[in-house]
Structure formats: structure tokens, C-alpha cells
2 protein chains.
Amino acid sequence: MNPSTANIEEAILSAILAGRINPGTRLGEQKLADLFGVSRTRVREAMMRLETRGIVQVSARRGWFVIEPSAEEAREAFQTRRVIETGLLQTLRRVPPEVVRSLKEHVAFEREAIDAGDVQSRACLLGDFHIHLADALGNRLLTEIIRDLTARTTLISMLYQPTEKAEESSHDHGDIVAALETGDIETAARLMDEHIAKVEAGLDLTAKPDPLAGLRELLTPSTFAGAPPSIPSPNPPLGRAPSGRRPAAPRAHRHSSRKED
Amino acid sequence: MNPSTANIEEAILSAILAGRINPGTRLGEQKLADLFGVSRTRVREAMMRLETRGIVQVSARRGWFVIEPSAEEAREAFQTRRVIETGLLQTLRRVPPEVVRSLKEHVAFEREAIDAGDVQSRACLLGDFHIHLADALGNRLLTEIIRDLTARTTLISMLYQPTEKAEESSHDHGDIVAALETGDIETAARLMDEHIAKVEAGLDLTAKPDPLAGLRELLTPSTFAGAPPSIPSPNPPLGRAPSGRRPAAPRAHRHSSRKED
DNA sequence: CTTACAACACTTGTATACAAGTTTGTGAGC
DNA sequence: GCTCACAAACTTGTATACAAGTGTTGTAAG
């Protein structure tokens, strides 16, 4: 089968929603072209579409990178989600019983994944809850918008969230569904607002994302004996670059390895 | 200067927001490339970006067309706007005085354009009101979303609106601003909901958009003697001024479906 | 040992050529 | 006169070649 640009787009987006692709990841055109068995042209199309959806960014002649939202952009994304999702709930006059059932089922799946410790499924399901909720309105346009926003906030969480609070989120989801079941839309909207605000508050937006995070992650887990004694450690809050942020290069600048022994 | 893809994108989008480009207009790659003095590649990029934003659609090997939303899609677009814009207002806790002043000024401009009979400015300003309002939050992401949605509903209005009710819309805008000025956010949100609902209700979504509208429009205004006796005109008269300017794509070339006779 | 510099490999940006499909125009046959 | 078949013109789809930068690395001077 010959993957279309939509396939490529979708593959990347769902990988992001599932948390398999980190923010800042470089997505080389040629690599992707080889991977999907098409020419660069198609990959480029997909990347440009993803760029207009706010998922990736291009750095001129350096490559395509999964976005690394700044603190300001993170705030905007969460505010946008609060605006849209509370507005959505308030528009929902009544929730059909089968939708409630479907949502309850979804929350049950969340719990399952959490209990099983399945990190991948867990992240995917937690984001999917909001998409499913949007589906309740049956508005494809709105669902699409929320889907893109969810991808964005998922990436933000990966950048700034010190610890995942999956259980708490799932609990919130359960409360929202419960309110919907009793028909108390107003409460559901309030709970949603608080839920999103809570997720945002759980982030550490003051901490500049570590430009070496990718490398560090690649190196630390391999705890075999031959590894260097200690990676310098997640540094204390270092001063932020004053003028503009550079799209973090995935590879280290140069290893001025002054290791002290 | 060499127009970038963003320039092309923006040129087309603002032409749509200003009502200079009708839904269904064909946008040929080569024509646009010649017009902007670039190769097809750049035009293609711009079109694909606009496609992901829901502004144009491609019909395989036939061309790019400005979207002609179906009745169902129209409903979705208006519902989405209601959800987002009421949500936005409710998020707005207080409105800074200078924003209120700016909005009042904007409404004054609307009135001016309406009184002057400037159809082009009028349509542009009426849509721009909502974009300005979104600006009040200072959330660029949300503003961008609303901008795209406004483009979409502008096109829908061109397709389905039998008569423009510019004065009424501008009046509604004034009421909303007045409510904001007194700090009565709740009322502002309600007014906005009613306003958008009213605009939607003013459409005739039951009427299938005339696939020959473009052609008919091009032919009817020329009321010279030698013209064919009468264009069949299956629909009640649509009174759109010819405004003999030529759009970006000179040919309004429609895919003619089967005609009833 | 550090630093400056130049060459190199690699990536995206853009145009162009050709393939594939659609619409339009033309003429033969009835 | 009308319909149908077929060819020509035109349009988008896709790949490829080359141009233009960017970051890295090797090397030599201080």
C-alpha cells in the first residue's frame, strides 16, 4: 500500500497523542520518506499540514521539529481548551444515555490502563476522553479542533509536567461524567474548567525545558557499568536565553567532557 | 519582492474575509503562480495549508475550489462559533477600558460602512468584530481559530444568506459591547449566543445552493438587448450587486451537475 | 590545552519534468 | 439533428535534480 500524505500526518499525530514522540523530536524529511516508502514531496506536504495545525515547526534548512511550546504558548493552549470545552458542555443541553454509557466505559478503560501501569495507553486514553466528549455533540469540526489542541497540551505536559497525575485526571473525568449523567450541565462545565486548570497548575512553567533532555533520557536509563559515572544531573534553574528561543537541537553541541574524577 | 507561501495564503484568506472571493471559486495553481510570480510549488503549499484550515478543497486533478459548505457543515460551523465565542466571553472576567473603547470604535466603523453603502468594507468589518473581540483575551491561538471560523461562516453566508442584515448584526455587536462595558459578562455571552443563532437562523439552509450561481451572476447583470431572453432562474431572485471587479481567479468555473429540465 | 577557521556532509527550499486523470472539442455514424 | 466515441488540451500528482544554507568536524596556530 502506498501511504498518502493523510496517512503520514495521522501516523505522526497519533504517535504524539500516544506520547511516543517527544516534543523537540526532529523529523527528517528523507528519513520519513524512506520509512513510508514515498518521496520527500509527500512527507513535506504532511509536515506542512501538521505545521498549520500547530504540531510541528520548521527551522530553515535545519529540519522539522515537534513543537516545544513556550510557557506563554502553554498558557494559551490551556486557556483555549478551557474556553472551548466549557463552552461545549454548556451547549450540550442533554446528554443521550448511550453517550453517558460510552463515556463511563471510557473512564473504566482509563482506570484499567492506570492499574495495569500501561503508560502508553494511559496517556492516550486520558487525552482521548476529551475527544470522545467532543464527539458527544456530533460536531466533526469542533472535534477536530479539540483533537489538535489535545495533541498540543499533551506535548506541553511532556515538557513541563514533573510528575504525571493520571489517577487524579481519571478521577476528574469520572466526576464530569457523573455530573453529565444527572443532567447537571452547569456543574459538569465547572468541573471541566477546574480539571483543565488543575492540569495546568500541575505544570512547572517556570522551569525552562532542558534542551538536553532528549540526550539525557537516551543516556541515563542504560545503567550498565561502563556508562559515565554521572550525567551532570538535571541542572538548577539556568538563566533563559534573552532573545528568542532556538529550536533545541537534538544533538549535543560538543562534549566538553570535563569529568572530574 | 518574492511572495512567500504565507503571503499567498494571507492574500486569499483576506480576500475571502472581505467577500471578494465567492464560495466555489476555482483557484488554479498555474494561474496563481503566474499572478504571484512564483512556481506552482509555492502555490501548492499555500493551497494545502488553506485546505487544512478548512478554507479550500482540492478535487483530484480538477482543481482547487473555495469550500462550499453543505447545510450540515454550516450548522457545525455556527455551533462551533457559538461554543467558542460564548466560552470566550465567559472566560473574560473583566474587560479593560481600552478594549471596550476599541470595540466601540470598531462598531462605529461598522455603522459608517453601512451608512456609506460600502458593501466590501461592511462585510469585512462585521466579521472582524469577532476577531477583535477574541483579541481582547490576548490569546493568539484562540484568535487564529476564530479567524478561520469566521472565514468559513462568511463563505456560508455568501452561499445561503438571501438578504444581508448588516444593520441588525451591527446593532447586536453594539449591544454586546454595551454589556461588556457594564461588566455584565453573563449577558454579553447570552447576547453573543443569540446573535450567532440569529445569523444562522437568517440563512436558508433548506435551499440547495445553486450550482450555477456563479455563472448566473456573471450573466444576469449584463442587461443589454442582445442577451438571451431570460436565464431560467429556478430560484427566487437573488439581488447581489454585480460589482464588476474581477476576482483573483477570473473564471468562475463550476462543475456543472446535471441540470433539471 | 584552547580557540579560530576552513572544508565537508547533510538538510531543507525551489523549480522543473513527466505521469496520470479530467474536461472540452470535434467529427463520424445513425 | 442528435448521440456517442475519440482525441487534444489542460490540470493536478509525484518524483527528481539542483541550489542554498546549517552544523559539525578536522586541523593548525597561539
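Treat the numbers as computed from the prediction; the structure is a model and nothing was measured. (Residues numbered from 1 in each chain as written. Chains lettered and ligands numbered in written order. Predicted model: local features only at pLDDT ≥ 70, side-chain atom pairs only at ≥ 80, totals over all residues. Heavy atoms only, no water.)

S.K.: What is the right way to read the overall build of chain A from this model?
M.R.: Each helix and strand counted, chain A has 10 helices and three strands in total. Helices and strands appear in chain A in the N-to-C order α-β-α-α-β-β-α-α-α-α-α-α-α. The buried share of chain A, reckoned over its 261 residues, is 45%. Residue pairs in contact within chain A that sit at least 24 positions apart in sequence constitute 75% of those at least 6 positions apart. For chain A, the accessible area works out to roughly 14300 Å², and carbon and sulfur atoms hold 52% of it. (Helix = DSSP H or I, 4+ residues; strand = E, 2+ residues; numbered from the N terminus. Buried < 20%, exposed > 50% of the residue type's maximum accessible area, 1.4 Å probe, protein only. Contact = heavy atoms within 4.5 Å. Areas by Shrake-Rupley, 256 points an atom, 1.4 Å probe, with all protein chains shown as cover.)

S.K.: Looking at this structure, how should I read the side chain of H195 of chain B?
M.R.: Looking at the secondary structure, you find H195 of chain B in helix α9 (residues 185–201). When near neighbours in sequence (up to four residues on either side) are disregarded, H195 of chain B contacts H130, S169, D172, H173 and I176 of chain B.

S.K.: Looking at this structure, how should I read the packing of helix α1 (residues 5–17) of chain A against helix α3 (residues 40–52) of chain A?
M.R.: In helix packing, the relevant descriptors are the interaxial angle and the interaxial distance, both defined with respect to the helix axes. All names here are of chain A. For the pair α1 and α3, interaxial distance at closest approach is 8 Å and the crossing angle is 50 degrees. It follows that α1 is oblique to α3 by the angle criterion. The chirality of how α1 crosses α3 is right-handed. Along the contact surface, α1 presents T5, I8, E9 and I12, while α3 presents R42, V43, E45, A46, M47, R49 and L50. The residue makeup of the contact of α1 with α3, split by class, is six nonpolar, one polar and four charged. (Axes fitted to C-alpha atoms, helices over the stretch in contact; angles between N-to-C directions. Parallel < 35°, antiparallel > 145°, perpendicular 65-115°, else oblique. Left-handed = near helix turned anticlockwise from the far one by under 90°. Nonpolar A, V, L, I, M, F, W, Y, C, P; charged D, E, K, R; others polar.)

S.K.: Help me understand the sheet that holds strand β3 (residues 63–66) of chain A in this model?
M.R.: Backbone hydrogen bonds are what pair the strands of a sheet, in a parallel or an antiparallel way. Residues and elements named next belong to chain A. Spatial strand order, β1-β3-β2: three strands in an open sheet with antiparallel pairing. The sheet terminates laterally at β1 (26–27) and β2 (56–59), the two strands that pair on one side only. Relative to β3, β2 runs antiparallel, the two being bridged by four bridges. Bridge pairing in β3 places Q57 opposite F65. (Pairing = 2+ DSSP bridges.)

S.K.: Whenever I open this one, the interface of chain B and chain A confuses me. Can you help?
M.R.: Frequently, the measure chosen for interface size is the accessible area removed from exposure when the parts meet. Each partner contributes to the interface: chain B provides 26 residues, whereas chain A provides 26 residues. Our count for the chain B to chain A interface comes out at six salt bridges. Linking chain B with chain A are 13 residue pairs in polar contact (both at pLDDT 80 or more). Listing elements by their share of the side of chain B that touches chain A, those giving two or more residues are α3 (40–52), α4 (71–91) and α7 (140–160) of chain B. In terms of residue count, the dominant contributor to the side of chain B that touches chain A is α4 of chain B (11 residues). Of the residues belonging to the side of chain B that touches chain A, the class tally is 10 nonpolar, eight polar and eight charged. (Salt bridge = Lys/Arg side-chain N within 4 Å of Asp/Glu carboxyl O. Polar contact = N/O pair within 3.5 Å; in protein donor to acceptor, adjacent residues only side chain to side chain.)

S.K.: Looking at this structure, how should I read the protein's contact with DNA strand D?
M.R.: Near DNA strand D, the surroundings consist of 18 residues, among which S39, T41, R61 and R62 of chain A together with R44 of chain B are the closest. A distance of 2.7 Å is found between a phosphate oxygen of DNA strand D and a side-chain nitrogen or oxygen belonging to S39 of chain A. Residue assignment for the surface near DNA strand D shows that the elements contributing at least two residues are α3 of chain A together with β1 (26–27), α3 and β3 (63–66) of chain B. Considered class by class, the residues forming the surface near DNA strand D number five nonpolar, four polar and nine charged. (Near = heavy atom within 4 Å.)

S.K.: Explanation requested: the nonpolar core in the structure shown.
M.R.: The nonpolar side chains of a soluble globular protein tend to be buried, and buried together. Within the largest apolar cluster, 75 residues are counted, with the highest numbers of intra-cluster contacts made by L89 and L180 of chain A together with L89 and L180 of chain B. Beyond its immediate stretch of four places on either side in the chain, L89 of chain B contacts L133, L180, I185, A188, A189 and M192 of chain B. (Core = buried A, V, L, I, M, F, W, Y, C linked by side-chain atoms within 4.5 Å.)

S.K.: Whenever I open this one, the environment of I156 of chain A confuses me. Can you help?
M.R.: All names here are of chain A. You can see I156 is positioned in helix α7 (residues 140–160). For I156 and P23, which are 133 residues apart along the polypeptide, the C-alpha to C-alpha distance reads 7.9 Å. Ignoring any residue separated from it by four or fewer positions in sequence, one finds I156 in contact with P69, E73, A74, A77, F78, Q161 and L203.

S.K.: So what exactly am I meant to see when it comes to a negative patch on the surface here?
M.R.: On the surface, D184 and E186 of chain A together with D184 and E186 of chain B cluster together to form a negatively charged patch. Among the structural elements, D184 of chain B can be located in the loop between α8 (166–181) and α9. (Patch = residues over 30% accessible without salt bridge, like charges linked within 9 Å, V, L, I, M, F, W, Y side chains within 5 Å. Lys, Arg positive; Asp, Glu negative; His and termini not counted. Charge placed at Lys NZ, Arg CZ, Asp CG, Glu CD.)

S.K.: Would you explain the packing of helix α5 (residues 97–116) of chain A against helix α8 (residues 166–181) of chain A in this entry?
M.R.: Residue and element names in this part refer to chain A. Packing of α5 against α8 leaves a shortest axis separation of 10 Å and a crossing angle of 165 degrees. By the angle between their directions, the pair α5 and α8 is classed as roughly antiparallel. For the crossing formed where α5 meets α8, the hand is left-handed. Counting all contacts with α5, which are made through V100, L103, K104, V107, E110, R111 and I114, the residues of α8 involved are A166, E167, S170, H171, H173, G174, V177, L180 and E181. Here the residues of the contact of α5 with α8 sort into seven nonpolar, four polar and five charged.

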